[in-house]
Amino acid sequence: MELQLGLALPTTPFSPFGYELKQGPFHNNGSCSSSSSSSGGSNKRRGGFDEDTRVVPKTLRLLLWNTNQRNGEDDDPNDLDDHSSSAILKNGGEGLVGWPPVKAWRKKLRRHVHNGRANNNRMAAAAAGNNSCGGRAFSNSTYVKVKMEGNAIARKIDLSVHRSFESLTSTLKRMFDISEEQWRKSFKLAYQDREGDWLLAEDVPWRTFIRSLKCIKLVRS
Amino acid sequence: MHKKMMFSFPDEVLEHVFSFIQSDKDRNSVSMVCKSWYEIERWCRRKVFVGNCYSVSPRMVIRRFPEFRSIELKGKPHFADFNLVPDGWGGYVFPWIAEMAGAFPWLEEIKLKRMVVTDESLELIAKSFKNFKVLVLSSCEGFSTDGLAAIAASCKNLKELDLRDCEVDDLSGHWLSHFPDTVSLVSLNISCLGSDEVSFSALERLVGRCTNLRTLRLNRAVPLDKIANILRRAPHLVEFGTGTYAADLRPDVYSDLAGAFSSCKELKSLSGFWDLVPAYLPAIYPACSKLTSLNLSYATIQSPDLIKLLSQCPNLQRLLVLDYIEDSGLEALASTCKDLQELRVFPSDPFGAEPNVSLTERGLVAVSSGCPKLQSVLYFCRRMSNEALVTIAKNCPNFTRFRLCIIEPRTADYLTLEPLDVGFGAIVQYCKDLQRLSLSGLLTDRVFEYIGTYAKKLEMLSVAFAGDSDLGLHHVLSGCESLRKLEIRDCPFGDKALLANAAKLDTMRSLWMSSCAVSFGACKLLGQKMPRLNVEVIDERGPPDSRPESCPVDKLYIYRTVAGPRFDMPPFVWTMEDDPSLQLS
């Protein structure tokens, strides 16, 4: 089925459902198909756009499909569910990415806000409940900065895919091109926690590490 | 020939006339009148605005406008603010700086939004532009205080340094000391800098010698007891942002602070107030009667304290606040601040399942009723009704921006359990000048029908978890004549509406669709048939052609461009190729 592309012939603009919006619930006296058929006598002039490139294709006939059949080939609700549920799970079950739409900058501050209020119960619940990156209950980002001592360029690593120090260090070794030998001999994994203190990762259990870390540094020992 | 001479002015006269035309849109219109106006205009355009840095190449801009002094560039799509655009997507400013550095050294202003700015870029700016005056970086990232030190040290004529909402690698607070003694800043905004040490003495000295300082926004690291000293050195400040506004209550500190605030007779805008302790709030009362803008969105004070404060601010035009203000606080706001034009209410606990404050639709209805000049609203809440929205719409036909975020996706009208189609429909019907709209709550295709019908001036629409079918998208694309930016996430919109309205995309700046139902096949088709669009598929799962063509893509970003496909993409972004043989003429 070839779909119409580009500038379709402009049809007369369809007149809207011709009633005033009233306060409160109002009667639904036009489904899309009925309003599209009343195309005459519209007072919505599309002045000024006639000859330039802003003519918008009014392919009204397309409107008649899908009004009753929600399960057409393209709109299988199951597909969509799978897709959106994967968006939720992607973040280690933490919640939807980027929702509610609060800027990352504000989220960082929100953390401090809550430290001052008696909301530690909520934080603990969120951490224990559905997220593996507990400390970041307030942030939907699972990426943290990683720097190597002596290297000016910082990288970012997605923590949600790691469940242990082994897996994290093997990724870091690959990322910074450090051999197993070099790692054992000269490097240690350090991190900065929420209070701004620098600690050695080897001193803490994985869960503590994951919940309190802000960024990672590979220091030379 | 004779006629032509009668009706045309010498170039210099036209240039003089054009110099009064500042707005970008008007300049563009002027340039389209005729060839000679195009030529004259392009030589005298001093400010260039590029809404999408990939829509045109730096070389093209420089070729067309050989004498601009100021450039504004925007990079990543808006949804990058909410972590929907993966790191590394793009938006690098370096190529622009490099081209401009080579072409002309008299550039004075650079304003960037959502771009990746490296220290290398900052160093190049510092080195290349001898008369550099204004640097505004909004929601940018990729640089450290080293880059800032280079700017401070070399830009002897710097007037404005504004880092708002940036992610800066705070390596050292001593970059401030790099400013020479002769620098005379008018505006300094370092509010986004981290909590690492800021050199207070350097800051005080800097403020002291910048006698023309009108805007100063400090970062959280600056403690309360330093503010008085700083304010005393800058008595002509118009805009001031505090650092942390918390300390143990000490009478000497308090009176010092109150004295400092009262000595600043020109203060119109206050912000900052991290960790605000109510006991110190009255110190700002002397300044309140003149305040037109107040940003308390980091202040965790409760409604009663807010009400007391707001009662001191009758001339307030702009208020940013957390939802601790509650309905009661908003009702007080509505009765005292009759000049209010812009209100933003942010959630204190956005990820909590239960409401932690008593802020509902009632607060917004009260403000809409009490503040006749209200034009711009951003409101986070947990419940809404069609009835409330219709009331709000009727109260405020002058809305230009209406952004409502009901925190739980797909929340219905809490009174009738119906979708909120009618409520938002009323907004677009009554607010004829609406330019920006963000939807939330339970919404069917119907709301898009209203939007397509009524929202003729709408330029930017944000949609999430809404609609039933492609019909919804079709209504918007075919009806919204002024639409420039459309961003959609988690909606059941697929191929049909997009392909049927492909030509519309040429008239818009950009379209973002993530977690929708647009197939890879449709993206390819669109890329092939629309030569003036870049169709980017962003998919971290791996190459889209490793899956069937009917499989929906994860994220789609389409924008019009005259620069062709870009070449700085990371491995998880694919630009669909043009196919000249398939293009329609």
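Keep in mind it's a predicted model, so treat the numbers as computed, not measured.

What counts as what
- Each chain has its residues counted from 1, following the order in which its sequence is written.
- A letter from A marks each chain and a number from 1 marks each ligand, given out in the order of writing.
- In keeping with the predicted nature of the model, local features appear solely for residues at pLDDT of at least 70, side-chain atom pairs appear and are counted solely at 80 or more, and the whole-chain, interface and lining totals rest on all residues.
- Computation of side-chain values: all heavy atoms of the structure, hydrogens and water removed.
- Strands are runs of DSSP state E lasting at least 2 residues, helices are runs of H or I lasting at least 4, and numbering of each runs from the N terminus.
- A radius of gyration in this sense is built from C-alpha atoms; the matching globule rule multiplies 2.2 Å by the number of residues raised to 0.38.
- Summary of the burial criterion: residues with accessible area below 20% of their type's maximum are buried, those above 50% are exposed, and those between are partly exposed, where the area comes from a 1.4 Å probe applied to protein chains only.
- Throughout, a residue-residue contact means that at least one pair of heavy atoms, one from each residue, lies within 4.5 Å.
- Any two rings among Phe, Tyr and Trp, with Trp reduced to its six-membered ring, count as a pair given centres within 6.5 Å; such a pair is stacked if its planes are under 30 degrees apart, edge-to-face if over 60, and tilted if neither.
- Simply put, an axis is a line fit to the C-alpha atoms, just over the touching stretch for a helix, and the angle between two N-to-C directions goes from 0 to 180 degrees.
- For classification purposes, an angle smaller than 35 degrees is called roughly parallel, one larger than 145 roughly antiparallel, one from 65 to 115 roughly perpendicular, and anything else oblique.
- UniProt positions are given in the numbering used here, feature names are shortened, and annotations may be inferred rather than shown by experiment.
- For two strands to be treated as a pair, DSSP must find no fewer than two bridges joining them.
- Like-charged residues are merged into a patch within 9 Å and nonpolar side chains (Val, Leu, Ile, Met, Phe, Trp, Tyr) within 5 Å, provided each residue has over 30% relative accessible area and no salt bridge.
- Computed with the Shrake-Rupley method and a 1.4 Å probe, the accessible areas treat only the protein chains shown as cover for residues.
- A carboxyl oxygen of Asp or Glu within 4 Å of a side-chain nitrogen of Lys or Arg is what we treat as a salt bridge.

(A) Summary view of the overall build of chain B. Regarding its fold elements, chain B presents 22 helices and 23 strands. Since a compact globule built from 585 residues should have a radius of gyration of about 25 Å, the 26 Å found for chain B is in line with a globular shape. When the backbone C-alpha atoms are referred to their principal axes, chain B occupies close to 80 × 65 × 60 Å. Residues classed as buried in chain B amount to 61% of the 585 residues present. Considering only intrachain contacts with a sequence separation of at least 6, the fraction spanning at least 24 residues in chain B is 71%.

(B) Expanded view of helix 15 (residues 361–370) of chain B. All names here are of chain B. The buried count for helix 15 comes to 8 of 10 residues, which makes it a mostly enclosed element. Every buried residue belonging to helix 15 is among Glu361, Gly363, Leu364, Val365, Ala366, Val367, Ser368 and Gly370, and all of these are buried. Looking at the buried side of helix 15, the elements it contacts are helix 14 (326–336), strand 14 (342–346), strand 15 (376–381), helix 16 (386–395) and strand 16 (401–406).

(C) Here's a closer look at the packing of aromatic side chains. All told, the structure shown has 24 aromatic pairs over all chains when counted by the stated rule. An angle of 50° between the planes, with centres 5.0 Å apart, marks the rings of Phe165 of chain A and Phe209 of chain A as tilted. Remark: Phe209 of chain A occurs in helix 7 (residues 206–212) and Phe165 of chain A occurs in helix 5 (residues 165–175); sequence separation between them is 44 residues. Between Tyr245 of chain B and Phe273 of chain B, the ring centres sit 5.1 Å apart and the planes meet at 70°, which makes this aromatic pair edge-to-face. Taken together, the residues span a long stretch of sequence, with Tyr245 of chain B in the loop between strand 10 (239–241) and helix 11 (251–263) and Phe273 of chain B in the loop between strand 11 (269–271) and helix 12 (285–288) at a distance of 28 residues. Here the aromatic cluster, defined as three or more aromatic residues joined through ring pairs, consists of Tyr54, Phe79, Phe82, Trp89, Trp512, Tyr557 and Tyr559 of chain B.

(D) Inspection of the packing of helix 18 (residues 445–454) of chain B against helix 19 (residues 470–479) of chain B at higher detail. All names here are of chain B. Closest axis-to-axis distance for the helix 18/helix 19 pair is 8 Å, and the angle between their directions is 5°. As the angle between them shows, helix 18 and helix 19 are arranged roughly parallel. Contacts from Asp445, Phe448, Glu449 and Gly452 in helix 18 reach Leu471, Gly472, His475, Val476 and Gly479 in helix 19.

(E) Summary view of the UniProt feature "domain: F-box" (unreviewed entry) in chain B. The feature "domain: F-box" (unreviewed entry), as annotated in UniProt, sits at residues 9–50 of chain B in this numbering. Taken as a whole, residues 9–50 of chain B contains 62% helix and 10% strand, while its terminal C-alpha atoms sit 30 Å from one another.

(F) The pairing of strand 1 (residues 143–148) of chain A, seen in detail. Residue and element names in this part refer to chain A. Judged by which residues are buried, strand 1 turns out to be one-sided: Val144, Val146 and Met148 face inward and are buried, whereas Tyr143, Lys145 and Lys147, on the alternate face, are not. When strand 1 meets strand 2 (residues 155–158), the two strands line up antiparallel, connected through 4 bridges. Within strand 2, the position partnered with Val144 by the bridge is Ile157. Where strand 1 and strand 5 (residues 213–220) come together, 4 bridges link them in parallel fashion. Looking at the pairing, Val146 lines up with Ile216 of strand 5.

(G) Structural context of a nonpolar patch on the surface. All names here are of chain B. The grouping of Phe9, Val13 and Val17 at the surface amounts to a nonpolar patch, some 270 Å² of accessible area in total. Along the chain, the position of Phe9 falls in the loop between helix 1 (2–7) and helix 2 (11–18). Judged by relative accessible area, Phe9 falls into the exposed class, the value being 55%.

(H) Representation of the sheet that holds strand 1 of chain A. Residues and elements named next belong to chain A. Reading across from one edge, 2-1-5-3-4 is the order of the 5 strands in this open sheet, with mixed pairing throughout. Since the sheet does not close on itself, it has two edges, and those belong to strand 2 and strand 4 (198–200), each with one partner. Shown here is a sheet whose adjacent strand axes are inclined to one another by a mean of 35°, direction ignored. Of the strands in this sheet, strand 1, strand 2, strand 3 (187–193) and strand 5 are in contact with helix 5, which crosses strand 2 at around 150°.

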